[in-house]
Amino acid sequence: MTAAVATMATAAAIAAVTALAGCGQQPDRSADAVPTTRFSENGVTVTLSVSDWRASKGTLTAVFTPEKAGFHLYSTDLPATGVEGVGRPTAVAVAGSLKPAGELAATAAVHPISLPGVDAPVPVYPDGPVTTTLPVRADGTGEATILLGYASCSTREGCTIPVADRPVRLRITGDGPVFDAP
């Protein structure tokens, strides 16, 4: 046997042993599996996920991304009917077997804008995506609903049609939350 043939035989044996060592093993998905879903409606793509699920508690994250550059979303603190009828709040609520375990928070800083015909300043987030988080807890297993509200606007192009109480369904199981197929 030549040295080249011996080297190739050794490499093949190592490859075979390595391949057999991995047989029957399943990847550990428990740490990485974060339930996620997404939809687009009225100029905004919304991505929802539930992370840090432990002992029937976790964090619901909603990322609201305007589909066009130059569009912003309104503050979560905006009144339900807006300021003098202008704007709709960015809202995330839960119902069914999922309950809030704290307050809705947004990662973006709010700043006021002045709009023609509106006397009071209107609180908005900077143009672009806004991430909100809501601590949640499960009241047992069963059906749950996330209700979302938002409106996106541009100071140059106007506003999209507001979305109010847009439902997203999920199930709370013994292993945690699972989003229904969109």
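Residues numbered from 1 in each chain as written. Predicted model: local features only at pLDDT ≥ 70, side-chain atom pairs only at ≥ 80, totals over all residues. Heavy atoms only, no water.

A. Fine view of the overall build of the protein. The helix and strand inventory of the protein stands at one helix and 15 strands. Accessible area for the protein stands at about 10,300 Å²; split by element, carbon and sulfur atoms hold 57% of it. (Helix = DSSP H or I, 4+ residues; strand = E, 2+ residues; numbered from the N terminus. Areas by Shrake-Rupley, 256 points an atom, 1.4 Å probe, with all protein chains shown as cover.)

B. Representation of the pairing of strand β14 (residues 163-173). Where strand β11 (residues 142-150) meets β14, eight bridges bridge the pair, whose relative direction is antiparallel. If you follow Leu148 over to β14, its bridge partner there is Arg166. Pairing between β14 and strand β15 (residues 176-179): four bridges, direction antiparallel. Following the sheet pairing, Arg171 is matched in β15 by Val178. (Pairing = 2+ DSSP bridges.)

C. The layout of surface pockets, seen in detail. In this structure, the second largest pocket occupies an estimated 180 Å³ of space. What lines the second largest pocket is Ala80, Arg88, Pro89, Ala91, Ala93, Leu147, Leu148, Gly149, Pro162, Val163, Ala164 and Asp165. (1 Å grid on protein atoms, 1.4 Å probe; cavity = no way out; pocket = protein on both sides within 12 Å on 5 of 7 lines; lining within 4 Å. Points joined across faces, edges and corners; volume = space filled by probe spheres on them.)

D. Region of the structure containing the state of the cysteines. Counted by the stated rule, this structure contains one disulfide. Between the sulfur atoms of Cys153 and its disulfide partner Cys159 the distance amounts to 1.8 Å. An S-S torsion of about 115° defines the bridge between Cys153 and Cys159 as right-handed. Given the relative accessible area of 54%, Cys159 is considered exposed. (Disulfide = S-S within 2.5 Å. Buried < 20%, exposed > 50% of the residue type's maximum accessible area, 1.4 Å probe, protein only.)

E. Local environment of the nonpolar core. Core analysis: the largest hydrophobic core is formed by 26 residues, its most contacted members being Leu48, Leu60, Phe64, Ile146 and Leu148. Apart from the residues lying within four places of it in its own chain, the contact partners of Ile146 are Leu48, Leu60, Val92, Ala93, Val94, Arg166, Pro167, Val168, Leu170 and Phe179. Tyr74, Ile113, Val122 and Cys153 belong to the second-largest nonpolar core, a separate cluster that totals nine residues. (Core = buried A, V, L, I, M, F, W, Y, C linked by side-chain atoms within 4.5 Å. Contact = heavy atoms within 4.5 Å.)

F. Here's a closer look at the pattern of salt bridges. Per the stated rule, a full pass over the model turns up five salt bridges. Between Arg137 and Asp139 there is a salt bridge, and its shortest N-O distance comes to 2.6 Å. The class for Asp139 is partly exposed, based on a relative accessible area of 43%. Across the salt bridge formed by Asp180 and Arg171, the nearest N and O atoms sit 3.3 Å from each other. (Salt bridge = Lys/Arg side-chain N within 4 Å of Asp/Glu carboxyl O.)

G. Highlighting the side chain of Ser97. Among the secondary structure elements, Ser97 is positioned in the loop between β5 (91-96) and β6 (98-100). For Ser97, a relative accessible area of 7% corresponds to the buried category. Sequence-distant contacts of Ser97, that is, excluding residues within four places in its chain, are made with Arg137, Ala138, Asp139, Gly140, Thr141, Gly142, Glu143, Ala144 and Ile172.

H. Examining the pairing of strand β3 (residues 57-66) more closely. The pairing of strand β2 (residues 44-54) with β3 spans nine bridges and is antiparallel. Bridge pairing links Thr47 to Val63 in β3. Taking the residues that link successive antiparallel strands as the turn, the β2-β3 hairpin has two residues, and the phi of Ala55 there is positive, at about 50°. One ladder, built from eight bridges, connects β3 with strand β10 (residues 130-138); its direction is antiparallel. By the bridge assignment for β10, Thr59 is matched with Pro135.

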